[in-house]
Amino acid sequence: MDELAEEFLREILSFYQGHKSELIPILLEIQNNFGYLPKEAILLVSNFINVPKGHIYSVASFYTRLRLLPLGRHRVTVCRGTACHIRGAPQILKEIENVLGIKEGETSSDLEYTLDTVACIGCCALAPCLTVDGKVHGAMNTDKVKKIFEASSVKGKHEQ
Ligand code: FES
């Protein structure tokens, strides 16, 4: 983390009192500004509110809204809702994991993709569904997955 980022972190903390009860609001504010919780931020917060780093890591791991890793440039979200599940969401997710080389909740090492799942995208009639950067892809199958991601991950562009 560079000096500027650390200075910004300290500025964020300056708006708080340093109480243990401020942990979640502080983490959320850091994440809103950085996109995730850098390890340097965890250390600063730990010292600021006098809570062990391990506790902060377990809190950050427990709350799905909090991220310990940066997001990829492209966000892939696979629906695991009932309609999608019945129509093959587990196979779709597995295929994406194979194609991108990451598991659910992970970001690719080149920071190109972050893969997540969601309870329902709201397009159940198009099940199974996924979104790439918010764009819905419906009636998915493993061949369609390959087309979307082989074109985009290798050549750096998306099928729109
Ligand atoms: S269950 Fe997948 S879109 Fe609703």
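Preceding block: the structure.
Report follows, based on the coordinates. (Residues numbered from 1 in each chain as written. Predicted model: local features only at pLDDT ≥ 70, side-chain atom pairs only at ≥ 80, totals over all residues. Heavy atoms only, no water.)

## A short note on the nonpolar core
Link 1 in the chain: Ranked by size, the top nonpolar core spans 19 residues in total, and within it Leu23, Ile26, Leu27, Ile30, Leu37, Val45 and Ile56 carry the most contacts.
Link 2 in the chain: Listing elements by their share of this core, those giving two or more residues are helix H1 (3-13), helix H2 (23-34), helix H3 (39-49) and helix H4 (53-62).
Link 3 in the chain: Element by element, the count of residues in this core is highest for H3, at 5 residues.
Link 4 in the chain: Beyond its immediate sequence surroundings of up to four residues, Leu27 is in contact with Leu37, Val45, Ile56, Val59 and Leu66.
Link 5 in the chain: Counting 15 residues, the second largest nonpolar core, distinct from the first, contains Val76, Ile92, Val132 and Met140. (Core = buried A, V, L, I, M, F, W, Y, C linked by side-chain atoms within 4.5 Å. Buried < 20%, exposed > 50% of the residue type's maximum accessible area, 1.4 Å probe, protein only. Helix = DSSP H or I, 4+ residues; strand = E, 2+ residues; numbered from the N terminus. Contact = heavy atoms within 4.5 Å.)

## Let's talk about the layout of surface pockets
Link 1 in the chain: Looking at the largest pocket, its volume works out to about 410 Å³.
Link 2 in the chain: Along the walls of the largest pocket sit 17 residues, with Thr64, Arg65, Leu66, Arg67 and Asp116 positioned nearest its centre.
Link 3 in the chain: Looking at the lining of the largest pocket, the elements that each hand over two or more residues are H4 and strand E2 (113-118).
Link 4 in the chain: Tallied by class, residues from the lining of the largest pocket come to 6 nonpolar, 6 polar and 5 charged. (1 Å grid on protein atoms, 1.4 Å probe; cavity = no way out; pocket = protein on both sides within 12 Å on 5 of 7 lines; lining within 4 Å. Points joined across faces, edges and corners; volume = space filled by probe spheres on them. Nonpolar A, V, L, I, M, F, W, Y, C, P; charged D, E, K, R; others polar.)

## Considering the packing of aromatic side chains
Link 1 in the chain: Applying the stated criterion to the full structure yields 3 aromatic pairs.
Link 2 in the chain: For the pair Phe62 and Tyr63, a centre-to-centre distance of 5.1 Å together with 90° between the ring planes defines the contact as edge-to-face.
Link 3 in the chain: Under the relative-accessibility criterion, Phe62 is labelled exposed at 62%.
Link 4 in the chain: Assessed through its relative accessible area of 41%, Tyr63 is described here as partly exposed.
Link 5 in the chain: Ring centres of Tyr113 and Phe149 lie 5.8 Å apart, and the angle between their planes is 80°; this geometry places the pair in the edge-to-face category. Taken together, the residues Tyr113 in strand E2 and Phe149 in helix H7 (residues 142-155) connect sequence positions 36 residues apart.
Link 6 in the chain: Owing to a relative accessible area of 2%, Tyr113 belongs among the buried residues under this scheme.
Link 7 in the chain: Since its relative accessible area comes to 0%, Phe149 is described here as buried. (Phe/Tyr/Trp six-rings, centres within 6.5 Å; stacked < 30°, edge-to-face > 60°.)

On their own, these measurements won't tell you what the molecule is for.
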